[in-house]
Amino acid sequence: MTLLAGRVAVVTGASRGIGHAVAEALGKAGARVVRASRSIAAARTEVRLDLPCDVTSEAQVAALARETLAAFGPPDIVVSNAGAFLIKPLGETEPAEFAGQLSVNLLGPFLVARAFLPMFRERGRGRLITIGSIADHHAFPDNSAYAASKFGLRGLHEVLREEFRGSGVLCTLVSPGPTDTEAWDPVDPDRRPGFTPRARMLRPEDIADAVLWVAERGDHVDLDWLRLGPA
């Protein structure tokens, strides 16, 4: 038995990449997992609930919270992972693209936190794990929209820590470096100078291992910020 046996975990953006790996790791550790994603088909077993959810929709995030409660009860862990990725120079980035990055990477986590953290406060415990990026603390060229959303996400994380300090609600930001997912397919980093080759990138399972380690800490352990990257 692990510390997560029987606990309830919600993972957004769980149909692929980092989110999928995180959901698999939490499930193997014994948690009952709610996997949420725009592209996932609704399904349910005794230990897993799959729900279509666009995290930029307040109504859909509220429905995610309600259906989680109805199926498994209040969650113990929420992994706010759903995100979008864009690499473009400032002059080529359209305002709609900039707004899209803010919507998925910042508004989405805000709505998720707003839906679930009051449940945590009411119970006096719970851990929100937010997946950030190296771009939430390090500036790169051709990264204005993505970096703005991720720096904003780190700001949101810091404010949530202050608002919920002493309540039993724990907030952790996990900021991985380049990770080999399909998000890199249109970028082709192997052919672009200055980019980490995909063979040297982290794997989604590396991020999942880090999230699992955070999730398995006792309620008396507060972890603020975890950064990891390729060697």
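Residues numbered from 1 in each chain as written. Predicted model: local features only at pLDDT ≥ 70, side-chain atom pairs only at ≥ 80, totals over all residues. Heavy atoms only, no water.

## Some thoughts on the environment of Ala84
Considering the arrangement of structural elements, one finds Ala84 in the loop between strand 5 (77-80) and helix 3 (95-123). Looking at Ala84, the relative accessible area reads 25%, which means it is partly exposed. A sequence separation of 53 residues divides Ala84 from His137, and the C-alpha atoms of the two residues are 17 Å apart. Excluding its chain neighbours within four sequence positions, the residues that come into contact with Ala84 are Gln101, Val104, Asn105 and Tyr146. (Helix = DSSP H or I, 4+ residues; strand = E, 2+ residues; numbered from the N terminus. Buried < 20%, exposed > 50% of the residue type's maximum accessible area, 1.4 Å probe, protein only. Contact = heavy atoms within 4.5 Å.)

## Here we look at the sheet that holds strand 2 (residues 32-37)
Taken in spatial order, the eight strands line up as 3-4-2-1-5-6-7-8 in an open sheet, and their pairing is mixed. The strands lining the two open edges of the sheet, one partner per strand, are strand 3 (43-44) and strand 8 (225-228). Pairing of strand 2 with strand 4 (residues 48-52), which is carried by five bridges, proceeds in the parallel orientation. What sits directly across from Ser37, in strand 4, is Pro52. On top of the sheet, helix 4 (residues 144-163) reaches strand 6 (126-131), strand 7 (169-176) and strand 8; it is set at about 160° to strand 7, its chief contact. (Pairing = 2+ DSSP bridges. Axes fitted to C-alpha atoms, helices over the stretch in contact; angles between N-to-C directions.)

## Quick word on the pattern of salt bridges
All chains considered together, the criterion is met by 17 salt bridges. Residue Glu24 is joined to Arg48 by a salt bridge in which the shortest nitrogen-to-oxygen separation is 2.9 Å. A residue pair is termed long-range when its members are at least 10 positions apart, and Glu24 in helix 1 (residues 17-28) and Arg48 in strand 4 qualify at 24 residues. Note on Glu24: relative accessible area 25%, which makes it partly exposed. Arg48 sits in the partly exposed class, given a relative accessible area of 24%. Here Asp222 and Arg161 are joined by a salt bridge, their closest N and O atoms 2.9 Å apart. Of this pair, Asp222 sits in the loop between helix 5 (204-215) and strand 8 while Arg161 sits in helix 4, and the two are 61 residues apart along the sequence. Among the charged side chains, a salt-bridge network with shared partners connects Glu24, Arg35, Arg48 and Asp50. (Salt bridge = Lys/Arg side-chain N within 4 Å of Asp/Glu carboxyl O.)

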